[in-house]
Amino acid sequence: MIEVEVKAKIHDRDEMVDRILSLGGVHVSEEEQHDLYFNAPHRDFARTDEALRIRRSGGRTFITYKGPKIDEESKTRKELETEVADPGTAAEILESLGFRMVREVVKERRIYSVGEFTVSIDTVMGLGTYLEIERDLPDGSDYAGALREIFELYRKLGIEDGFERRSYLELLELGEE
Ligand code: ATP
Ligand code: CA
Ligand code: CA
């Protein structure tokens, strides 16, 4: 899977909800996500731009690998994600192999679908509010068109700058707000 994704800082959540709905957006769900990020014993994911995560959300747990970002303007990258039954055991498996927990990121995510895109409004604990627009494509697809459409959707939402390629993890480390 390729995750084609662009993130931007926003300032008025309610206004953004109105704009998403006025573009025909449909509310999908509202979840509190608890993410544990790990670093590897054999390489530093902060340097290689990879990620290993255990996410708890709505009573379910997912384990995720993300590869390095593959372009200069977005957060597009390889993503592998699958459900696991037990978050504690999943974390213990990783820790037994020498992976170390780096940080927990907690956020409230409101998810909308607009056409083929997923639009999320994220209120991240200790960080503020961000918008993410995303579409997942099969490996090897040409994602340039999808990326253009994401920026077009941003323009329709009145957002032309404030795009953010750094992760929530990096922003929290930097103490952004
Ligand atoms: P998703 O889009 O999958 O729901 P998210 O929106 O909650 O995730 P993002 O900020 O988009 O969070 O992605 C998680 C980020 O954390 C990745 O960009 C990854 O590169 C980064 N990351 C993971 N581990 C580290 C690390 N050890 N040091 C710095 N950054 C890391
Ligand atoms: Ca994201
Ligand atoms: Ca994503």
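Residues numbered from 1 in each chain as written. Chains lettered and ligands numbered in written order. Predicted model: local features only at pLDDT ≥ 70, side-chain atom pairs only at ≥ 80, totals over all residues. Heavy atoms only, no water.

A. Focus on the pattern of salt bridges. Considering all chains together, one arrives at 21 salt bridges under this definition. Between Arg-110 and Glu-30 there is a salt bridge, with its nearest N and O atoms 3.5 Å apart. Highlighted residues: Arg-110 in strand β6 (residues 100-114) and Glu-30 in strand β2 (residues 26-39), separated in sequence by 80 residues. With a relative accessible area of 17%, Arg-110 lands in the buried category. A salt bridge links Glu-104 to Arg-56, with the shortest nitrogen-to-oxygen separation between them at 3.9 Å. Of this pair, Glu-104 sits in strand β6 while Arg-56 sits in strand β3 (residues 51-57), and the two are 48 residues apart along the sequence. Classification of Arg-56 by relative accessible area gives partly exposed; the value is 38%. (Salt bridge = Lys/Arg side-chain N within 4 Å of Asp/Glu carboxyl O. Helix = DSSP H or I, 4+ residues; strand = E, 2+ residues; numbered from the N terminus. Buried < 20%, exposed > 50% of the residue type's maximum accessible area, 1.4 Å probe, protein only.)

B. Structural detail: the coordination of the calcium ion (ligand 2). Looking at the metal site, the calcium ion (ligand 2) is ligated by Glu-5 (OE), Glu-5 (OE), Glu-132 (OE) and Glu-132 (OE), spaced 2.4 to 2.6 Å from it. In this structure the calcium ion (ligand 3) is found 3.6 Å away from the calcium ion (ligand 2), and Glu-5 serves as a bridging donor for the pair. With a gap of 127 residues between them, Glu-5 in strand β1 (residues 2-9) and Glu-132 in strand β8 (residues 128-137) connect regions that are remote in the sequence. (Donors = N, O, S within 2.8 Å, 3.2 Å for Na, K, Ca; no water.)

C. Layout of the coordination of the calcium ion (ligand 3). For the calcium ion (ligand 3), every protein donor is listed as Glu-3 (OE), Glu-5 (OE), Glu-134 (OE) and Glu-134 (OE), and the spread of their distances is 2.0 to 3.1 Å. If you list the donors of the calcium ion (ligand 3) from N- to C-terminus, the spacing comes out as E-x1-E-x128-E.

D. Local environment of the UniProt feature "domain: CYTH" (unreviewed entry) in the protein. The positions UniProt marks with the feature "domain: CYTH" (unreviewed entry) are residues 1-174. Annotated as 25% helix and 45% strand, the span residues 1-174 places its first and last C-alpha atoms 30 Å apart. (UniProt positions renumbered as here; feature names shortened; annotations may be inferred.)

E. Highlighting the nonpolar core. Ile-20, Leu-131 and Ile-133 are the most contacted members of the largest nonpolar core, which has 24 residues in total. Among the secondary structure elements, those contributing two or more residues to this core are β1, α1 (13-22), β6, β7 (117-124), β8 and α4 (144-156). Among the elements that line this core, the one with the most residues is α4, at five residues. When neighbours within four sequence positions are excluded, Leu-131 is seen to be in contact with Val-6, Lys-7, Ala-8, Ile-10, Met-16, Ile-20, Val-119, Ser-120, Ile-121, Tyr-154, Leu-157 and Ile-159. Grouped together as the second largest cluster of nonpolar side chains are ten residues, Ala-51, Leu-127, Tyr-130 and Tyr-168 included. (Core = buried A, V, L, I, M, F, W, Y, C linked by side-chain atoms within 4.5 Å. Contact = heavy atoms within 4.5 Å.)

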